[in-house]
Every structure is written in C-alpha cells, then in structure tokens.
Amino acid sequence: MNKQNQTSRREFLRRASTASAALSLPWIVSASVLGQPNYVAPSDKLTLGVIGIGPRCTYDLTAMLKLDDIQCVAIADVQASRRDAGKALVDQHYGNRDCKLYRDFRELLARDDIDTVIVATGDRWHAPASMMAAKAGKDVYSEKPCGLTIELCQQLADTMQQTGRVFQAGTQRRSVPNFQQAVRLAQSGKLGKIHTLYASVYMPSIDTTWLPGEPTPAPEVVDWNLWLGPAPWRPYNRKYVQGGWRGYWDFDSGAKLLDWGAHTVDLCQWANQADDTMPVEFEPAEKNVTARYANGVKLVLDFLETPFGQRPGWVQELGTCPVRFVGDEGWVETGDNGGIEVSPASLKKEVEGYKKTVGLDVSAHARNFFDCVKSRGITNANPKVMRHSHIACHTAALAWLLKRKLTLDPVKEEFVGDAEANGLKSRPARDPWKLAGNA
C-alpha cells in the first residue's frame with residue numbers, strides 16, 4: 001500500500017466502524033455506558049513505535065504511555081540492555097508482554113500496523129531515521145536537534161512536505177504555558193517595539209579526538225555499526241553508547257550549540273514572529289554570537305560556561321534554558337522552572353493565570369502531536385518551524401567555528417559570497433548509510 005496516497009489503516013477502520021454502525025445494530029457502546037470513563041475503542045487508538053530508547057526517550061515515553069488513545073507496540077534500539085528496559089517499562093504499564101523488540105529500526109518501519117514513531121536516537125540518526133519513517137508512511141515525533149547539519153534539516157523538512165506526514169520537533173517548550181505566555185506578551189506590543197532577543201546556549205566546543213578502542217561487543221549486545229550509522233567510523237568504546245558521544249564533532253550538532261539553542265533560539269524566532277525566516281547576519285564574539293534580522297531586531301546567543309550552575313546575566317531562579325525578550329517599553333524573561341519575570345511591574349498582570357509547568361515536560365507537546373496526527377493538522381513545532389530555527393542555530397555555530405561574520409540569504413538558505421561556509425552546510429555520510437534518508 002502506498003501510504004502517501006491512500007487512506008491510513010486507522011482512518012479506514014474508523015470509517016468502516018461508522019458505516020457499520022449506520023447499517024446495523026449499535027455495536028459501538030459509549031465508554032460511559034461501559035462504566036469506563038477513559039475507555040478508548042481500539043479502532044480509535046494510534047499505535048506508536050520507538051526508535052532509540054535512552055534516558056530522554058524514557059522520559060518522553062513515560063508521558064506518552066499515559067495517553068489513553070496511544071498504544072506503544074514496538075521498540076527498536078541497537079543496545080540489548082536498552083531494548084529490554086524499554087520493554088519492561090511498556091509491558092508493565094499495559095500489564096502484558098506484547099511490546100515487540102528490534103535491533104534494526106528498519107524492521108519496525110516495515111510494519112504496516114504502526115501509525116507513529118518517536119525518533120530519540122543520538123543526533124547523527126535523527127534526520128535519516130525520521131525521513132525513512134516518513135517514507136514508510138509513519139508520522140514522526142523527533143527529538144532535537146533534528147538534523148546534524150543544515151542540509152539534513154532542509155532535507156528533513158522537504159521530505160515531510162513531500163510525503164504529507166505529520167512531524168513534531170521535540171522542542172517541547174513551544175507547548176509549555178510559561179514560554180507561551182512570554183511569547184504572547186512579546187507579540188502583544190505591550191513591551192513596545194521588540195529590539196533584542198536573548199537565547200541562552202552552551203559554550204560551543206569541538207572535540208575531534210577518539211576514545212581508546214575497546215573490544216566490539218556482539219551485534220546482538222551492541223550493534224556498533226548500526227549505532228554509528230551515517231557517522232564516520234571509529235573504534236568502539238562503551239562510553240559512546242552510554243551517552244558519552246555528546247561533544248564529539250562527528251556525533252553532536254553545531255559544536256554543542258543546538259542542545260539548548262534548538263529550544264531557546266526557536267522561542268526567540270517565535271517571539272519575533274519570524275517562523276518564516278531567519279536572521280541575515282551572524283557575528284561571533286568571545287561570549288556570544290549576535291545575529292540580526294532584516295527588520296533590525298537583534299538575537300543574542302549568550303554562551304553559558306555553567307548552564308546548569310550559575311547563569312550570570314539571567315534571573316537565576318527561573319531555571320535552565322532561559323530566554324528574554326526586550327522591547328523599548330519593557331522586557332520579559334522565563335525559564336524551565338515555570339516562572340516569569342517582567343519589567344515594568346505594571347505588566348505582571350499580563351503573565352498571570354497560567355498553569356505552571358516545568359520546561360522539560362513533554363506531555364502537552366506529545367498531545368499536540370497525536371491530535372494533529374488524527375486531524376492532519378499543523379503541529380506546534382512543525383517542519384517549517386524546525387527548519388528555520390535549526391538553520392539559524394547551525395549558522396551561529398558555523399560563525400563561531402570560522403571566527404568571522406556570516407551573511408545568510410534566508411530565502412535561498414545560502415551564505416552570501418562564502419564558499420567555505422557553504423561547504424560546511426553538509427558533511428560526508430558513511431556508506432552504506434549515505435543514502436539512508438533518501439532511499
């Protein structure tokens with residue numbers, strides 16, 4: 001079945017159920033009649049497959065399992081220990097042993113009874129796996145950063161448009177109330193004309209060294225070749241697969257800048273009503289990169305030496321991942337603890353009455369994704385949003401790497417008069433994975 005052009009399995013079942021009910025006895029009984037207020041008919045449930053189940057995915061999946069209309073049916077991971085831990089989580093939740101396990105996620109994608117997938121591998125696999133899932137007819141929730149390079153972010157957005165699949169980038173703060181409230185205030189005009197946006201990010205760094213080689217486990221224990229995927233080959237070391245890959249150039253996005261930047265730059269884009277575009281200039285300095293939009297608004301990516309410790313220049317009690325939006329009549333700042341600070345004090349009433357939620361909570365973002373899967377609507381962190389905010393982050397990282405100002409054409413998504421920078425928009429991919437995202 002060509003899932004791009006034909007009705008999905010779930011839609012077919014729903015329509016069949018409706019037609020049957022209209023022509024015969026009322027086989028479908030309401031949940032309230034059954035005495036089960038949270039009951040969801042099997043035909044109304046979406047099936048979920050998991051690709052990569054480390055600590056972050058476990059956090060995401062725990063929230064998704066609480067949704068009554070979602071059924072997790074399969075997990076793929078290259079590590080046996082993580083596969084088994086994921087199955088234990090899912091089977092315990094449902095009280096059965098039905099969750100199927102796969103070492104190779106392509107076997108999971110080959111199943112026609114899976115509607116949606118969450119891609120939560122390391123950065124190197126996010127875009128290729130997401131594109132392969134879309135081409136297999138699955139709707140995709142991808143953890144961020146969604147693409148290791150500018151080119152992969154472009155290809156990912158294009159693939160979602162071409163296949164018509166629903167996509168949600170895992171920048172969940174778009175669905176968290178305090179960040180939404182701060183953006184609304186910035187867009188309301190009550191801060192005056194917005195002139196500067198501040199996004200907190202990690203201090204960029206590049207590590208091109210290799211950890212010492214260790215004996216490679218059997219593929220059934222850790223499939224090292226599949227773990228590397230499109231990344232360049234290097235010897236196995238257990239620290240990589242235990243999460244120690246972060247910070248290495250071959251595996252991490254944008255010199256670590258996108259780990260927070262995918263969230264904070266994205267929120268600044270949103271506050272500036274710039275989801276359709278990007279800054280046009282990026283100028284690096286010792287402690288920040290300053291970007292400028294065509295409308296004159298500045299975006300400052302503030303490098304934090306201790307992002308999880310002291311954050312000089314920010315309201316400390318607001319927590320991690322802070323952002324600040326400044327206008328000529330006031331400012332608003334918010335972060336992961338759910339609080340909001342504003343100036344002048346007369347604006348406090350503008351940011352009251354919202355439900356305080358921590359910025360790591362994925363519940364509302366997941367709900368938005370699955371609702372859009374059912375309605376075929378536009379998600380909060382849709383491909384266009386992801387494309388522009390991620391490319392802006394990658395450009396800032398390249399400006400830092402090259403130690404010079406970069407001028408970006410936001411329409412062509414090219415660097416103006418800079419062949420070296422344009423050459424860094426992509427990276428060579430290792431065979432046999434070179435065409436994995438485009439096969």
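Residues numbered from 1 in each chain as written. Predicted model: local features only at pLDDT ≥ 70, side-chain atom pairs only at ≥ 80, totals over all residues. Heavy atoms only, no water.

Draft legend 1. Expanded view of a nonpolar patch on the surface. Together, Tyr59, Val358 and Leu360 give the surface a local cluster of nonpolar side chains, amounting to about 260 Å² of exposed area. With respect to the helices, strands and loops of the structure, Val358 is situated in the loop between strand E13 (340-343) and helix H12 (363-375). (Patch = residues over 30% accessible without salt bridge, like charges linked within 9 Å, V, L, I, M, F, W, Y side chains within 5 Å. Areas by Shrake-Rupley, 256 points an atom, 1.4 Å probe, with all protein chains shown as cover. Salt bridge = Lys/Arg side-chain N within 4 Å of Asp/Glu carboxyl O. Helix = DSSP H or I, 4+ residues; strand = E, 2+ residues; numbered from the N terminus.)

Draft legend 2. The environment of His93, seen in detail. Of note, His93 is situated in helix H4 (residues 80-94). Owing to a relative accessible area of 40%, His93 belongs among the partly exposed residues under this scheme. Between the C-alpha atom of His93 and that of Lys66, which follows or precedes it by 27 residues, the distance is 8.8 Å. Apart from the residues lying within four places of it in its own chain, the contact partners of His93 are Leu65 and Lys66. (Buried < 20%, exposed > 50% of the residue type's maximum accessible area, 1.4 Å probe, protein only. Contact = heavy atoms within 4.5 Å.)

Draft legend 3. Representation of the sheet that holds strand E4 (residues 116-119) within the structure. Strand order across the open sheet formed by six strands is E3-E2-E1-E4-E5-E6, with parallel pairing between neighbours. If you trace the sheet from one side to the other, it starts and ends with strand E3 (100-102) and strand E6 (167-169), each paired once. Ignoring which end each strand starts from, the neighbouring axes of this sheet average 20° apart. When strand E2 (residues 70-76) meets E3, the two strands line up parallel, connected through three bridges. What sits directly across from Ala74, in E3, is Lys100. Contacts from helix H3 (residues 55-65) reach strand E1 (46-51), E2, E4 and strand E5 (139-142), with the element oriented near 170° to E1. (Pairing = 2+ DSSP bridges. Axes fitted to C-alpha atoms, helices over the stretch in contact; angles between N-to-C directions.)

Draft legend 4. Local environment of the side chain of Thr334. Tracing the backbone through its elements, the reader meets Thr334 in strand E12 (residues 330-334). A polar contact of 2.6 Å, which involves the side chain of Thr334, links it to the side chain of Asn178. Those residues in contact with Thr334 that lie beyond four places of it in its chain are Asn178, Phe179, Ala182, Leu318, Cys321, Pro322, Val323, Gly339 and Ile340. (Polar contact = N/O pair within 3.5 Å; in protein donor to acceptor, adjacent residues only side chain to side chain.)

Draft legend 5. Looking closely at the sheet that holds strand E9 (residues 288-292). Taken in spatial order, the nine strands line up as E13-E12-E11-E7-E10-E9-E8-E14-E15 in an open sheet, and their pairing is mixed. Both outer strands of the open sheet, E13 and strand E15 (414-415), are each paired with one neighbouring strand and no more. For strand E7 (residues 194-202) and strand E11 (residues 323-327), the ladder comprises five bridges, and the chain directions are antiparallel. Note that in E11 the partner of Thr196 across the bridge is Val326.

Draft legend 6. Structural view of unusual backbone geometry. In this structure, the amide linkage connecting Lys144 to the following residue, Pro145, adopts the cis form with an omega of -15°. Within the secondary structure, Pro145 sits in the loop between E5 and helix H7 (150-163). Going from Ser343 to Pro344, the amide bond is cis rather than trans, its omega being 0°. As for its placement among the helices and strands, Pro344 is situated in the loop between E13 and H12. We note that Cys321 has phi near 55°; this positive angle belongs to a residue other than glycine.

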